[in-house]
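# Understanding the architecture of this molecule
Residues per chain, in single letters:
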Amino acid sequence: MATVLLLRHGRTTANATGELAGRLPVELDEAGRGQAQRVGERLRKLPLAAVVTSPLIRCRQTLELALPDVVPEVDEGLIECGYGDWEGRPLKELTGEPLWPVVQQHPSAAVFPNGEAMAAMSARAVATIRRWDARVTATHGPEALWLACSHGDVIKAIVADAMGLHLDEFQRLVADPASVSVIRYTPTRPFLVRLNDTADLSALIPPKPAEGALPESDAAVGGGAGGGA
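Described below are features of the structure shown in this document. All of these numbers come straight from a predicted model, not from anything done at the bench.

Within the protein chain, the secondary structure is distributed over eight helices and six strands. Reading the helices (α) and strands (β) of the protein chain from amino to carboxyl end gives β-α-α-β-α-β-α-α-α-β-α-β-β-α. Its C-alpha atoms give the protein chain a radius of gyration of 18 Å, within 12% of the compact-globule value 17 Å for 229 residues. A principal-axis box enclosing the C-alpha atoms of the protein chain has dimensions of 60 × 35 × 30 Å. In the protein chain, buried positions account for 46% of the 229 residues. A fraction of 70% describes how many contacts in the protein chain between residues 6 or more apart in sequence connect residues 24 or more apart. A total of about 11,200 Å² of accessible surface is found on the protein chain, and carbon and sulfur atoms cover 54% of it.

Glancing now at the state of the cysteines. Enumeration according to the criterion identifies zero disulfides in this entry. No disulfide involves Cys-81; its sulfur sits 14 Å from the nearest other cysteine sulfur, which is in Cys-59. Residue Cys-149 stays outside any disulfide, its sulfur separated by 3.9 Å from that of Cys-59, the closest cysteine. Judged by relative accessible area, Cys-149 falls into the buried class, the value being 0%.

Let's shift gears to the environment of Ala-127. If you trace the backbone, Ala-127 turns up in helix α6 (residues 118-140). Placed 50 residues apart in sequence, Ala-127 and Gly-77 show a C-alpha to C-alpha distance of 8.1 Å.

Attention shifts here to unusual backbone geometry. Residues other than glycine seldom take positive phi values, yet Ala-178 does so here, at roughly 65°. Note that Ala-178 resides in the loop between α7 (152-162) and β5 (180-184). A relative accessible area of 7% means that Ala-178 is categorised as buried. Even without being glycine, Asn-196 reaches a positive phi, approximately 55°. Examined against the element boundaries, Asn-196 turns out to sit in strand β6 (residues 191-197). By relative accessible area, Asn-196 is classed as partly exposed at 22%.

About the cut-offs
- Throughout this description, residue numbers start from 1 for each chain and increase along the sequence as written.
- Given that this is a predicted model, residues contribute local features only at a pLDDT of at least 70 and side-chain atom pairs are listed and counted only at 80 or more, while totals for whole chains, interfaces and linings are drawn from all residues.
- Hydrogens and water molecules were not included; the side-chain quantities draw on all heavy atoms of the structure.
- A helix here means a DSSP run of H or I that spans at least four residues, while a strand means a run of E at least two residues long, and both kinds are numbered starting from the N terminus.
- A radius of gyration in this sense is built from C-alpha atoms; the matching globule rule multiplies 2.2 Å by the number of residues raised to 0.38.
- Accessible area is worked out with a 1.4 Å probe on protein chains only. A residue is then buried under 20% of its type maximum, exposed over 50%, and partly exposed in between.
- Contacts were defined at the residue level, with two residues in contact if any of their heavy atoms lie within 4.5 Å.
- Note on areas: these come from Shrake-Rupley sampling with a 1.4 Å probe, and a residue is covered only by the protein chains present in the view.
- We call a pair of cysteine sulfur atoms a disulfide whenever their separation is within 2.5 Å.

This is how it looks when you write it as C-alpha cells:
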C-alpha cells in the first residue's frame, strides 16, 4: 500500500494565545508561516502522488506556503474535531469544565456540547485516510507517497488507530505544528514510520528497483524467513 505523510498545519494565532480554535477560521501567525515554509523545503524533495487537505484556512495556508505549485484536494473528512461551544475559549478556562478530565483521560466517551464526539472524529478521520490510501495505491502503485494536511487531534487519532491503540490512549501522542507523521498501510497491518517528525524526509523516497530484483514485499518475506533480529 501507499505511504501517507500526515502534516499538521503551522502555528496559528489561536495556538499563540492559548485558545481552542476548533473549526473557527483562524489563520497562521508569523511563526506558523515560517514553519510552513520550512516544512515545504523538506516536502518538495518528495514525489508526492497526491495532496489532500482539511478545508480549514490554516491547513490551506500551510500548503500554499509549503507547496505553492500544488493544488490540493479538499476533504471534509480531515476537518478538525467539532468542539462546539468550546470553540474560541481559552484553554486555561476549559480546564475547569467537568468534561475536561474526560477529554484527557477517557476521550472515547467525550462528546462536546453542541459539537462532535471524539469517537466520531476518530472514525471519520481514519476512514478518510484509509479511503485515500487505497485510491492512491490503486492509481499510483504501492510505493507511492501522498500527503494529508490536518489538525493535531485528528492526526493523533489516525496514528493511534495505526498503532492499534484505543482512542483513550491518544492523548499520550504529540503532533506539533508543522510536524510530519508517516504511516505505511499494508494488507495486514499499518506501520508507524515516523511520529511528530521535523527532520529530513528524503529517506522516504522509494529506491528505483534494480533490474531483476524482487519486489519489496517478496524480498521482505524472503529475508525474514532466515530469522535474525
